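Residue-level structure breakdown
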Amino acid sequence: MSGSGAVSPVPQSPTWSTRLRARPWGGYALAGFVVLYLVWSLAPVLIAFLFSFNHGNSRSVWQGFSTEWWTGPGSVFNVAMYHDAILHSFLLAGIAVAVTVPVGVSLSVFLSRWRGAAARPAGLLATLPLVVPELVLALALFFLVTKLLHFISLGTPAQVIGQVTYILPAVVVITRGRLASIPSGFEEAAMDLGASPLGAFRLVLVPLLGPAILASAIVTFALSIDDFVITQYMSSSSATQSIPMVIYNSTRGSATPALNASAMVVALCTILICGAGYLVYRILNRREEIVVPEAPAEPSGLGPAVGEGAW
Amino acid sequence: MRARRYLAALGLPGIVWVALFVATALYALIAISVGGLDPILLTPVPAWNPLHWSASTLQEVGTALKPFSGSDWMVFQRTVIYIAIALAGCILVGYPVAYYVAIRARRSKGIILALFVAPFLVSYMLRMLAWVGLLSPDGWINLVLEHLGLMSGHQPLNWLSGRSVTVVCALIYGWVPYFILPLYASLARFDQRFLEASRDLGAGTWQTFLHVTLPLSKQGILAGTVIVALPMFGDFFTNALVSGTASTAMVGSLINTYAQSQTDQGLAAAGAVWLMALLTLLLLPYLRSSARATAEVAR
């Protein structure tokens, strides 16, 4: 019997295999925790959705099913405050995407390709809003607009400026992550072959940046729709209320379930738009894997590294 | 040469944008905080010229925030305590989730990630609105407590009237996805072979976790903590929705309240400047360790 111990040089090995067999329980506990987390994180929203179908004025007591807050006279689509806010939210998000993406992407190209002193301070300034609480940035922009740049009026123009400034760092982080994996030799080769700088940008860089541009657009849209603090500080009157502002202003009051419905309209549209965008993103990425098989799997996706890549 | 000019032209709009709306805006904030008051309207007047700076507003807010004796010291203390507990909660809830999705999950990964991203597409305000409904005196939380017999004989609890528990839980609920995301990104990037090596060297699951996984996820935890701590310091809306009472007010609520009144906007600016100074101090160690980590990766 004593000889068999010498045969096995790793005495821990049986212990390890026992642990391996015991592991699933720990794994199940962890998986259970994740399921609980997902339920905790999503169930309240689903319940709020359910309450938009409440038969009655309450947002907390279930009084039976009805669609009055979706179709009736007091519904989202018939109360001016709600439908105006929904439209305003989407208007702001549309303009924010149209401004942030081109400005952010071209700024990122400059920041990652420019060999000169200007790139570093510009890069720091562009990502500074990441480390400033939104409230501070909102106040700063509010004072800028009301005390210095009087020609910019509070309301839609100021709200767009605020949102773009707030979202720009995310676009810069996403695009620079992608640019880091595209050698600058590609554009130089294009120019050596006779392309103009504009042609090199349009024919080489833009297609390669496609997924990053799309990801930027999705993230910009989602951040703009969700934004509250800056949109609130830059607003002028009830005419420039976005949905998060309406929720903030009426949640503690006696608003009807139409409030839930209005929030859900925006949420569902956002999920649809961003989901569709993500599918296109997947297709773009897959096509590229076929063309450039050795392309590094850069996590330039939906911004998991936002904030980290800034430094 | 032409290429260089072209590149400059590409960068110009963005540079002008951030110079104007980041740099000048932050300067405007400072100029207000060191400015004076309009003698008639009593509204703040910015001091653009550093020679005209006056520290009186900053001093006024500084005195109010002064440790132990200041009138707003309680608010500051409360802010730090709430945020500390909320951050601990974010780590306790968020770490296992990020760890599981990044390292353990196999087939279920896609669906978990999709469900996990959902809160980002549903606005923060809607998620708070949902809880306000559940936590109302006649809401489902009290209903459940009643059914479980935990409230026998008591009045229905009013969760939404100045309870610290509610505010801290709402902060955790609101911000934990933002904590998990960078942590997940950092955990997903790390080399699984470290785990195999640790196992091959005889370490058990716990030992591997304590001596390999946890030290390697330090940077991710730190990044997540910074990403949620910064907005929490400026958060006034969570508090306003689930409490709305002065007894749970945080620094963000204070600044927001000042900003609502024309004549107190100078105090809001000074508060924001103090907050930025404090956050810069808190951020320095993180920036340094992050720079070191980046430098290591770059080598």
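Just so you know, these numbers come straight off a predicted model, no measurement behind them.

Assigned secondary structure in chain B consists of 13 helices and two strands. For chain B, the spread of C-alpha atoms along the principal axes amounts to about 80 × 75 × 35 Å. By the burial criterion, 43% of the 299 residues in chain B qualify as buried. Sequence-distant contacts in chain B: of pairs separated by 6 or more residues, those separated by 24 or more amount to 65%.

What follows deals with the overall build of chain A. In terms of regular secondary structure, chain A is built from 12 helices and zero strands. Counting across all 311 residues of chain A, residues that qualify as buried make up 47%. A fraction of 77% describes how many contacts in chain A between residues 6 or more apart in sequence connect residues 24 or more apart.

Once that is clear, we can look at the interface of chain B and chain A. Much of the literature gives interface size as the accessible area that the parts lose upon coming together. At the junction of the two partners, chain B supplies 83 residues and chain A supplies 77 residues. The dominant element in the side of chain B that touches chain A, judged by the number of residues it contributes, is helix α1 (residues 2-33) of chain B, at 21 residues.

What follows deals with the environment of A:M264. Residues and elements named next belong to chain A. Looking at the secondary structure, you find M264 in helix α12 (residues 258-291). For M264 and A48, which are 216 residues apart along the polypeptide, the C-alpha to C-alpha distance reads 8.4 Å. Once you skip the residues sitting within four places of it in the chain, M264 turns out to touch F49 and S52.

A few words now on the nonpolar core. Ranked by size, the top nonpolar core spans 179 residues in total, and within it A:L139, A:A140, A:L141, B:L29, B:L126 and B:A272 carry the most contacts. Excluding residues that lie within four positions of it along the chain, B:L126 makes contacts with A:V45, A:A48, A:I247, A:A263 and A:A267.

A separate point is the packing of helix α7 (residues 156-179) of chain A against helix α9 (residues 197-226) of chain A. Residues and elements named next belong to chain A. Closest axis-to-axis distance for the α7/α9 pair is 9 Å, and the angle between their directions is 155°. Classed by the angle they form, the pair α7 and α9 counts as roughly antiparallel. Relative to α9, the crossing made by α7 is right-handed. Residues Q163, I167, A170, V171, I174, T175 and R178 of α7 pack against L209, P211, A212, A215, S216, V219, T220, L223 and S224 of α9. The residue makeup of the contact of α7 with α9, split by class, is 10 nonpolar, five polar and one charged.

All names here are of chain A. The pLDDT averaged across chain A works out to 82; a share of 84% of its residues lies at or above 70. When mean pLDDT is compared element by element in chain A, helix α10 (residues 229-233) scores highest at 94, while helix α1 (residues 2-7) scores lowest at 44. When the criterion is pLDDT under 50, residues 1-22 qualifies, and its contacts beyond four places in sequence or with other chains add up to six contacts. Here residues 293-311 is modelled with pLDDT under 50, and outside its nearest four sequence neighbours on either side it reaches 52 contacts, counting other chains as well.

The rules behind the values
Residues numbered from 1 in each chain as written. Chains lettered and ligands numbered in written order. Predicted model: local features only at pLDDT ≥ 70, side-chain atom pairs only at ≥ 80, totals over all residues. Helix = DSSP H or I, 4+ residues; strand = E, 2+ residues; numbered from the N terminus. Buried ≥ 20, exposed ≤ 12 C-beta atoms within 10 Å, placed from the backbone. Contact = placed C-beta atoms within 7 Å. Core = buried A, V, L, I, M, F, W, Y, C linked by C-beta atoms within 7 Å. Axes fitted to C-alpha atoms, helices over the stretch in contact; angles between N-to-C directions. Parallel < 35°, antiparallel > 145°, perpendicular 65-115°, else oblique. Left-handed = near helix turned anticlockwise from the far one by under 90°. Nonpolar A, V, L, I, M, F, W, Y, C, P; charged D, E, K, R; others polar. pLDDT = per-residue confidence, 0-100.

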